[in-house]
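Structure assessment
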Amino acid sequence: MNSKIVAGNWKMNCDRSEAARLAGEILDLLDAQDIPGVDVVLAPPYVHISEIAGLLEGRRGTFTGAQNCSMHQKGAYTGEISAQMLKSAGARYVILGHSERRRDFHENNGQLTQKLERAFEADLRPIFCCGESLDERDGGSHFDAVKTQLEPVAGLPAEFFSKLVIAYEPVWAIGTGRTATPDQAQEMHAFIRKHLSSDKDHAAGIPILYGGSCNDSNAAALFAQPDINGGLIGGASLKAGSFVQIARSFPS
Ligand code: 13P
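Everything quoted here is computed from the prediction, not taken from an experiment.

1. Things to note about the overall build of the protein
A tally of regular secondary structure across the protein gives 11 helices and 8 strands. Against the compact-globule benchmark of 18 Å for 252 residues, the protein has a radius of gyration of 17 Å, which places it among compact chains. Going through the 252 residues of the protein one by one, you find that 50% of them count as buried. Long-range pairs, those at least 24 residues apart, make up 72% of the contacts in the protein between residues at least 6 apart in sequence. One way to put it: in the protein the 24 positive side-chain charges average out to a point 3 Å from where the 30 negative ones average out.

See the structure below:
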């Protein structure tokens, strides 16, 4: 388990053949030049997880992730997918609390607390997302907004902190082409680490990823910041060359 992580959130993109092709291209590029010390995570739509996990099987440093999981363990929840099912399909990571899910599916802190519990029970590594809106940033309440979103993780027992990953994704930077500056991102990452460390020593080592219009041109400046441990990549993760270049953008 590396503390540097680059994860591709494919969102609702790629049919079956496109997904297999994209993963294959990414693996070919990784084979051509290994990236030691970096975990690369591919998070396709649910239906492609077992196929992508099969392609990644036996490889070091590459993992399959899901984009969500149910807050329930099992039972009469039509259309839901449990953390345990994702684990059995080959997922090792699960993205939780993405702003698109908070905004479009009204996910709240109570539900996200349960999703975190389900993820840990299933031995999935959560990538827990937070990030303020443009109004919150402009109004100066961005730190408070992120702190509120982090309540589900701040309440976790300390032993889970070694498996937790945080992603800071300012909503105004997602899919807009407007990236947070390295200084803006670093300031928030340092705030998040300090906030989570206040009563838990383990928090010092939590990987905190940046997401929001991160691409192969701006990743190096972002990843050079001391509290930015990688990226959660949307649009650029759908282009194999850009995505692998981002994963190569850590300072040596
Ligand atoms: P973009 O990289 O497309 O801005 O998306 C970021 C994101 O939402 C990753 O989860």
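Having seen the structure, we can now continue with the description.
2. Details of the site of the ligand
The full set close to the ligand counts 13 residues, and Lys11, His98, Gly175, Ser213 and Gly235 are the nearest of them. Between Asn9 and the ligand, the recorded distance is 3.0 Å, taken from a side-chain N or O atom to an oxygen atom. Taking Gly235, its main chain carries an N or O atom lying 2.8 Å from an oxygen atom of the ligand. Summarising the interface, the protein chains cover 94% of the accessible area of the ligand, which totals 300 Å² for the free molecule. Residues belonging to the shell around the ligand are distributed by class as follows: 4 nonpolar, 7 polar and 2 charged.

3. Here's the deal with the pattern of salt bridges
The full count for this structure, using the stated rule, is 12 salt bridges. Among the salt bridges present, the one from Lys87 reaches Asp123, with a minimum N-O distance of 3.3 Å. Here the residue Lys87 occupies a position in helix H3 (residues 83–89), and Asp123 occupies one in the loop between helix H5 (109–121) and strand E5 (125–130), the gap between them amounting to 36 residues. For the salt bridge of Arg137 with Glu132, the shortest nitrogen-to-oxygen distance reads 2.7 Å. Owing to a relative accessible area of 14%, Arg137 belongs among the buried residues under this scheme. Residue Glu132 is classed as buried on the basis of its relative accessible area of 0%. Members of the salt-bridge network, linked through shared partners, are Lys87, Asp123 and Lys163.

4. Topic: the state of the cysteines
If you walk through the whole model with that rule in mind, you get 0 disulfides. Free cysteine: Cys69, not disulfide-bonded; nearest cysteine sulfur from Cys129 at 12 Å. With no disulfide partner, Cys129 has as its closest neighbouring cysteine sulfur the one in Cys130, 7.6 Å distant. Owing to a relative accessible area of 1%, Cys129 belongs among the buried residues under this scheme.

5. Details of the side chain of Arg137
Tracing the backbone shows Arg137 in helix H6 (residues 134–138). Excluding anything up to four places from it in sequence, Arg137 contacts Glu132, His142, Tyr168, Trp172, Gln184 and Met188.

6. Some thoughts on the side chain of Gln149
Relative to the assigned elements, Gln149 resides in helix H7 (residues 142–149). Dropping the residues within four chain positions of it, Gln149 is found in contact with Arg102, Asn109, Phe128, Cys130 and Gly131.

7. As for the packing of helix H1 (residues 16–32) against helix H11 (residues 240–247)
Contact geometry for H1 and H11: axes closest at 9 Å, N-to-C directions at 45°. Classified by the interaxial angle, the pair formed by H1 and H11 is oblique. At the point where H1 passes H11, the crossing takes the right-handed sense. Residue-level contacts link Leu22, Glu25, Ile26, Leu29 and Leu30 of H1 to Ala240, Gly241, Phe243 and Val244 of H11.

8. What about the nonpolar core?
Membership of the largest hydrophobic core comes to 62 residues, with the highest contact counts inside it found for Ile166 and Ile192. It is H1 that provides the largest number of residues to this core, a total of 6 residues.

9. Structural notes on the pairing of strand E2 (residues 38–43)
Within E2, 6 of the 6 residues are buried, leaving the element largely enclosed by the surrounding structure. Of the two faces of E2, the one holding Val38, Val40 and Leu42 and the one holding Asp39, Val41 and Ala43 are both buried throughout. In this sheet, E2 lies alongside strand E1 (residues 4–9) in parallel orientation, the contact comprising 6 bridges. Bridge pairing in E2 links Asn9 to Ala43. As for the winding sense of the linkage, the β-α-β connection from E1 through H1 to E2 is right-handed. Direction of pairing for E2 relative to strand E3 (residues 62–66): parallel, over a ladder of 3 bridges. Residue pairing for E3: Val41 is matched across the bridge by Phe63. For the handedness criterion, the β-α-β arrangement of E2, helix H2 (residues 49–56) and E3 is classed as right-handed.

Basis of the calculations
- Residues numbered from 1 in each chain as written.
- Predicted model: local features only at pLDDT ≥ 70, side-chain atom pairs only at ≥ 80, totals over all residues.
- Heavy atoms only, no water.
- Helix = DSSP H or I, 4+ residues; strand = E, 2+ residues; numbered from the N terminus.
- Rg over C-alpha atoms; globule rule 2.2 N^0.38 Å.
- Buried < 20%, exposed > 50% of the residue type's maximum accessible area, 1.4 Å probe, protein only.
- Contact = heavy atoms within 4.5 Å.
- Lys, Arg positive; Asp, Glu negative; His and termini not counted.
- Charge placed at Lys NZ, Arg CZ, Asp CG, Glu CD.
- Near = heavy atom within 4 Å.
- Polar contact = N/O pair within 3.5 Å; in protein donor to acceptor, adjacent residues only side chain to side chain.
- Areas by Shrake-Rupley, 256 points an atom, 1.4 Å probe, with all protein chains shown as cover.
- Nonpolar A, V, L, I, M, F, W, Y, C, P; charged D, E, K, R; others polar.
- Salt bridge = Lys/Arg side-chain N within 4 Å of Asp/Glu carboxyl O.
- Disulfide = S-S within 2.5 Å.
- Axes fitted to C-alpha atoms, helices over the stretch in contact; angles between N-to-C directions.
- Parallel < 35°, antiparallel > 145°, perpendicular 65-115°, else oblique.
- Left-handed = near helix turned anticlockwise from the far one by under 90°.
- Core = buried A, V, L, I, M, F, W, Y, C linked by side-chain atoms within 4.5 Å.
- Pairing = 2+ DSSP bridges.
- Right-handed = clockwise from strand over helix to strand, strands pointing away.

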